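A look at the structure
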Amino acid sequence: AQSVTQLDSQVPVFEEAPVELRCNYSSSVSVYLFWYVQYPNQGLQLLLKYLSGSTLVKGINGFEAEFNKSQTSFHLRKPSVHISDTAEYFCAVSDPYNQGGKLIFGQGTELSVKP
Amino acid sequence: GAVVSQHPSRVICKSGTSVKIECRSLDFQATTMFWYRQFPKQSLMLMATSNEGSKATYEQGVEKDKFLINHASLTLSTLTVTSAHPEDSSFYICSARMGISGNTIYFGEGSWLTVV
C-alpha cells in the first residue's frame, strides 16, 4: 500500500524568506507525485507533478520540487514566499499502473506567511 | 485549462433528507471521476472511484448505500448523501481524470454540506 507523510503540520515563515515543505512517501512500485495547494474554502489547485524524467520539477507560482528516489522524498520549495502563498499544501502519490488517477494524500501542511 | 465544476458549492439540509452533489467536467470527457471527503483542518480521504457506465468502486469503510454515486455520462458524476445526519457534514471534493493515464487530474471547487 502507498502512503504519504508530510512532516510538518504548520510552517510559519516571514515574507520573502525561502520555504521548504517536506513530503515523504512509501510505495513498492513506481509512483507519480503531486503537490496541490488549497486556499480557504476552495478546491485543490495543482502546483506541480513528477511523472518521470528530470527529478527537479518546476511548477506554478515559483514553486519547485525535487524527487529523491533513494530517500523517497518529494519536498516542495520556494526561494521567496509572498503573503498570497498562505494556504494549505498537500502532497499526493498515485500508482500510475494500477490506480490511474486515484490519489493518496498526505495530512497537509499549513503555510503561514507573515509580513 | 480544463475545468471541473461542482454544484452546489454550499448546501444545508435537514437530518433525514437526501442531498445530491454534481461534478461536471466542462471541457473534456472524464471516464473516471473520484469523490473525496475532507473534514476541517484535515486531509482528503478518497471515498469512491466513479466510472462512466458502471458501478462505483468504494473505499473500505465507506457505506455504498449511504453515499450513492452515479456516473451516467462522460461529463457528469453525482454523489447523493442519503438520509443525511449531522456527522455527514463535511467538505466533499470531486476530481476528474482526463484521458486514460492517471497523470492529468483536475479537482472541483468542492461542496460544503451542513446537516442540521
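Relevant structure appears above.
In this report, the structure presented in the accompanying data block is examined.

Bringing the sheet that holds strand 8 (residues 76-81) of chain B into the picture now. All names here are of chain B. The strand order across the open sheet built from four strands is 1-3-8-7, with neighbouring strands paired in antiparallel fashion. Looking along the sheet, the strands with just one partner apiece sit at the ends: strand 1 (4-7) and strand 7 (67-73). Shown here is a sheet whose adjacent strand axes are inclined to one another by a mean of 15°, direction ignored. Relative to strand 8, strand 7 runs antiparallel, the two being bridged by five bridges. Following the sheet pairing, Asn70 is matched in strand 8 by Thr78.

We now examine the interface of chain B and chain A. Taken together, the 21 residues of chain B in the interface contact 20 residues of chain A. For the pair chain B and chain A, the summed buried surface comes to about 1600 Å²; carbon and sulfur atoms form 53% of the total. At the surface where chain B touches chain A, the tally comes to one salt bridge. We note a salt bridge from Glu59 of chain B to Lys102 of chain A, for which the minimum N-O separation is 3.1 Å. On the surface where chain B and chain A come into contact, there are five residue pairs in polar contact (both at pLDDT 80 or more). At the level of secondary structure, the elements contributing two or more residues to the side of chain B that touches chain A comprise strand 4 (32-38), strand 5 (44-51), strand 9 (90-97) and strand 10 (105-107) of chain B. Looking at side-chain class alone, the side of chain B that touches chain A contains nine nonpolar, seven polar and five charged residues.

Okay, the side chain of Arg37 of chain B next. All names here are of chain B. Its location among the elements puts Arg37 in strand 4. Buried charged residue Arg37 carries no salt bridge. Nearest counter-charge: Asp88, at 4.4 Å. Among the polar contacts listed, one links the side chain of Arg37 to the backbone oxygen of Glu87, at a separation of 2.6 Å. A polar contact of 3.4 Å, which involves the side chain of Arg37, links it to the side chain of Ser90. Once you skip the residues sitting within four places of it in the chain, Arg37 turns out to touch Ser43, Leu44, Met45, Met47, Phe67, Glu87, Asp88, Ser89, Ser90, Phe91 and Tyr92.

Here the focus is unusual backbone geometry. All names here are of chain B. Here His7 and Pro8 are connected by a cis peptide whose omega angle stands at 0°. A positive phi is found at Ser83, a non-glycine position, where the angle reads about 45°. Looking at the element boundaries, Ser83 is found in the loop between strand 8 and strand 9.

Moving on: the packing of aromatic side chains. Counting across every chain of the model gives 13 aromatic pairs over all chains. Taking the centre distance of 6.2 Å and the plane angle of 25° together, the rings of Tyr25 of chain A and Phe67 of chain A count as stacked. Of this pair, Tyr25 of chain A sits in strand 4 (residues 23-26) while Phe67 of chain A sits in strand 8 (residues 64-68), and the two are 42 residues apart along the sequence. For Phe67 of chain A, a relative accessible area of 11% translates into the label buried. With a centroid separation of 5.8 Å and 40° between ring planes, the pair formed by Tyr36 of chain B and Phe107 of chain B is classed as tilted. Here Tyr36 of chain B, found in strand 4, pairs with Phe107 of chain B, found in strand 10; they are 71 residues apart in sequence, far enough to count as distant.

What counts and how
- Residues numbered from 1 in each chain as written.
- Chains lettered and ligands numbered in written order.
- Predicted model: local features only at pLDDT ≥ 70, side-chain atom pairs only at ≥ 80, totals over all residues.
- Heavy atoms only, no water.
- Pairing = 2+ DSSP bridges.
- Helix = DSSP H or I, 4+ residues; strand = E, 2+ residues; numbered from the N terminus.
- Axes fitted to C-alpha atoms, helices over the stretch in contact; angles between N-to-C directions.
- Contact = heavy atoms within 4.5 Å.
- Buried area = accessible area lost by both parts, 1.4 Å probe.
- Salt bridge = Lys/Arg side-chain N within 4 Å of Asp/Glu carboxyl O.
- Polar contact = N/O pair within 3.5 Å; in protein donor to acceptor, adjacent residues only side chain to side chain.
- Nonpolar A, V, L, I, M, F, W, Y, C, P; charged D, E, K, R; others polar.
- Buried < 20%, exposed > 50% of the residue type's maximum accessible area, 1.4 Å probe, protein only.
- Lys, Arg positive; Asp, Glu negative; His and termini not counted.
- Phe/Tyr/Trp six-rings, centres within 6.5 Å; stacked < 30°, edge-to-face > 60°.

Treat this as a map of the structure, not an account of what it does.
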